[in-house]
Amino acid sequence: MNLTPEQITQRIDHNTRLALNAINSGQSIFCILPFVQVVDHDEPLHGNKIIRNINDIIPAIMLGLLPAVARHGYDAVAVENDKIIEYELKISSFNTQQVWAGSHGALYIGLENTPARRGRLASYLCGSFNISSDDCLQSKNRRTVLLVANESLPPNELFVDAYELSGDVVMKYLNKSSKPTRNIKLGTFLNHGTPRAGIVPFIGWFQHQADLEQIVECYDDWKYHRGADYLVEKLSLSDAKQQELVLDSA
């Protein structure tokens, strides 16, 4: 990395101003992407580079970090006590229309294209890691932040909460599996991580969960209103490449 701590801070400040201007004017955070500054390029990013790295760029900006779009092994950097800190970033998204309340109040989310498939919302939300080799696994031993988003919310409330795990905790949970794709659930971030502030205040997961419990339908009502009219699509924001159920507009 050729940037000094001062240059990193200047670029973070630039991105933060762009993002806050967009949010405060009611625009989507995505509108600033052609103008953001990153670790690896001094010129504006090409469209293909933005598309390939959107799941790192957006979380980094919202967390007050500087995105990295080259293949460094890390997703973003920040300056802490004059030292450059590397971060792994994960984002996991859902839509309120996907969610219903179980008979005991727990929140569930539909899986695939049948109302019969379901999972707990807190388990569905996760950070996903693609592990191709032992060297790849070892490269994940760094601070990792999971950013949760609800795509039903307006731009200034889109991002619900963020939690950070230490590299040691990340490795502990990644080593529990030998699969090429390994997930660390939101619950692990909540139980073993620390809250991470953003450039705007987050609603907070526990408050948002309580809000959802008050507004979502019970399963039978959800199935009646949604069951025959939704389809499976890829989430645009989800680094976990999860599947989202959305209403069919046709």
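Structure first, text after, so check above.
Residues numbered from 1 in each chain as written. Predicted model: local features only at pLDDT ≥ 70, side-chain atom pairs only at ≥ 80, totals over all residues. Heavy atoms only, no water.

Caption draft 1: Geometry of the side chain of Asn95. With respect to the secondary-structure elements, Asn95 resides in the loop between β3 (83-94) and β4 (99-101). Of note is the side chain of Asn95, whose polar atom sits 2.8 Å from the side chain of Ser152. (Helix = DSSP H or I, 4+ residues; strand = E, 2+ residues; numbered from the N terminus. Polar contact = N/O pair within 3.5 Å; in protein donor to acceptor, adjacent residues only side chain to side chain.)

Caption draft 2: Fine view of the pattern of salt bridges. Scanning the entire structure with this criterion turns up seven salt bridges. Glu80 serves as the salt-bridge partner of Arg143, at 3.0 Å between the closest nitrogen and oxygen. Residue Arg143 is located in strand β8 (residues 143-150), and its partner Glu80 is located in strand β2 (residues 76-80); the two are separated by 63 residues in the primary sequence. On the basis of relative accessibility, which here comes to 26%, the residue Arg143 falls in the partly exposed class. By relative accessible area, Glu80 is classed as partly exposed at 34%. Between Lys140 and Glu88 there is a salt bridge; the shortest N-O distance is 3.3 Å. Note that Lys140 is positioned in the loop between α4 (134-138) and β8 and Glu88 in strand β3, a separation of 52 residues in sequence. Looking at Glu88, the relative accessible area reads 2%, which means it is buried. (Salt bridge = Lys/Arg side-chain N within 4 Å of Asp/Glu carboxyl O. Buried < 20%, exposed > 50% of the residue type's maximum accessible area, 1.4 Å probe, protein only.)

Caption draft 3: Structural view of the pairing of β2. Inspection of the sheet shows strand β1 (residues 66-67) paired to β2 by two bridges, in the antiparallel sense. Note on β2: the bridge partner recorded for Pro67 is Ala76. Bridge count for β2 against β3 is five bridges, and the pairing is antiparallel. Along β3, the bridge assignment pairs Glu80 with Lys83. Hairpin connection of β2 to β3: two residues between the antiparallel strands, including Asn81 at a positive phi of 55°. (Pairing = 2+ DSSP bridges.)

Caption draft 4: Examining the packing of aromatic side chains more closely. One pass over the structure, following the stated rule, counts four aromatic pairs. Between Phe94 and Trp205, the ring centres sit 6.5 Å apart and the planes meet at 80°, which makes this aromatic pair edge-to-face. Highlighted residues: Phe94 in strand β3 and Trp205 in helix α7 (residues 205-215), separated in sequence by 111 residues. Ring geometry for Trp100 against Tyr108: centres 6.4 Å apart, planes inclined by 20°, an arrangement best described as stacked. Neither Trp100 nor Tyr108 differs from the other in exposure class; each is buried. Ring pairs connect the aromatic residues Trp100, Tyr108, Tyr219 and Trp222, which therefore count as one cluster. (Phe/Tyr/Trp six-rings, centres within 6.5 Å; stacked < 30°, edge-to-face > 60°.)

Caption draft 5: View of unusual backbone geometry. In this model, Asn81 sits at a positive phi of 55°, which is unusual for a non-glycine residue. Mapped onto the elements of the fold, Asn81 is located in the loop between β2 and β3. For Asp82, which is not glycine, the phi torsion reads 65° and is therefore positive. Along the chain, Asp82 falls in the loop between β2 and β3. Owing to a relative accessible area of 69%, Asp82 belongs among the exposed residues under this scheme.

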